[in-house]
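# A structural walkthrough
Residues per chain, in single letters:
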Amino acid sequence: MTGGNRTSGKERGSGRRAELLSMAARMFATRGVAATTMREIADEAGILSGSLYHHFDSKEAMVDEILREYLNAQLERFRRVVDAGHDPHTTVGELIREAFAALHRHRWAMAVLHNEAGYLAGFDRFGYIDTANRDFERIWVRVLRQGQRTGVFRAELSPRLAHRFIRDSVSAAVRWYNPSGRMSVQGIAEQYTRIFRDGMVVSGRD
């Protein structure tokens, strides 16, 4: 019984921590990291500031956890797409779909990253963001180059520029995406797949 209670307490603590991070992510995304204080997050959560500091030593620590969870999860999803071993045309489509699926899973984290990149660059602790971006780029560029070598994608296009164009377009979608809107994330992803991937295909190919 005692052991069960301890496990239950840990689960409650973990759940509460996740709730606080979700709340903070929304505030950071809508108000800005610099403009949001630990006291305001605590007030929003209905707890004392001291209770919030029991979970996190600073708001930067909260941002850190929010972004690491998103970036690690996204990198893992991209790697699974590539490891599936599909042809480049299919793989690029799946990468685009996974990129947009993050709008549903990590909407606020994406918004923080999109809006606060310049601010976060001033902190050494967020240096891993550049590392993650390079990892993402390597995955996309490798697939796009393979598509060029096999005659699927147009040879004159720059894979790096193509990736950055897609990346920035997906990232900017957090500004207008409405979870309650008429078009689902899946529908948006399909439209973007036709625009981006099919726009790179060699003329005469599907």
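First, a word on what this report is: a plain description of the structure on this page. (Residues numbered from 1 in each chain as written. Predicted model: local features only at pLDDT ≥ 70, side-chain atom pairs only at ≥ 80, totals over all residues. Heavy atoms only, no water.)

### Brief notes about the overall build of the protein
Along the backbone of the protein there are 9 helices and 0 strands. Ordered by position in the sequence, the α and β elements of the protein form the string α-α-α-α-α-α-α-α-α. Each principal axis of the C-alpha distribution contributes one length, and for the protein these read about 65 × 45 × 40 Å. Evaluated residue by residue, the protein yields a buried proportion of 43% over its 206 residues. Taking the intrachain contacts of the protein between residues at least 6 apart in sequence as the baseline, contacts between residues at least 24 apart amount to 73%. A total accessible area of about 11600 Å² is found for the protein, and carbon and sulfur atoms account for 48% of it. With 31 positive and 25 negative side-chain charges, the protein shows a separation of 1 Å between the mean positions of the two kinds. (Helix = DSSP H or I, 4+ residues; strand = E, 2+ residues; numbered from the N terminus. Buried < 20%, exposed > 50% of the residue type's maximum accessible area, 1.4 Å probe, protein only. Contact = heavy atoms within 4.5 Å. Areas by Shrake-Rupley, 256 points an atom, 1.4 Å probe, with all protein chains shown as cover. Lys, Arg positive; Asp, Glu negative; His and termini not counted. Charge placed at Lys NZ, Arg CZ, Asp CG, Glu CD.)

### Some thoughts on the pattern of salt bridges
Within the structure shown, the criterion is met by 17 salt bridges. Across the pair Glu156 and Arg154 runs a salt bridge, and its minimum N-O distance is 2.9 Å. Accessibility expressed as a relative area gives 57% for Glu156, which makes it exposed. Within the structure, one salt-bridge network assembled from shared partners comprises Asp64, Arg68 and Arg125. (Salt bridge = Lys/Arg side-chain N within 4 Å of Asp/Glu carboxyl O.)

### Section: the side chain of Thr193
Relative to the helices and strands, Thr193 resides in helix H9 (residues 185–200). Owing to a relative accessible area of 1%, Thr193 belongs among the buried residues under this scheme. Among all residues touching Thr193, those that are not within four sequence positions of it are Gly93, Ile96, Arg97 and Asp198.

### Focus: the nonpolar core
One recurring pattern in soluble globular proteins is that nonpolar side chains are buried together. Among the nonpolar cores identified, the biggest contains 61 residues, and Phe28, Met62, Leu67 and Phe100 are the most heavily contacted of them. Within the residue set of this core, elements represented by two or more residues are helix H1 (2–31), helix H2 (38–45), helix H4 (59–83), helix H5 (88–105), helix H6 (107–120), helix H7 (128–149), helix H8 (159–172) and H9. Looking at this core element by element, the count peaks at 9 residues for H4. Setting aside residues no more than four positions away along its own chain, Met62 makes contact with Leu20, Leu21, Ala24, Phe28, Met38, Ile41, Leu52 and Phe56. (Core = buried A, V, L, I, M, F, W, Y, C linked by side-chain atoms within 4.5 Å.)

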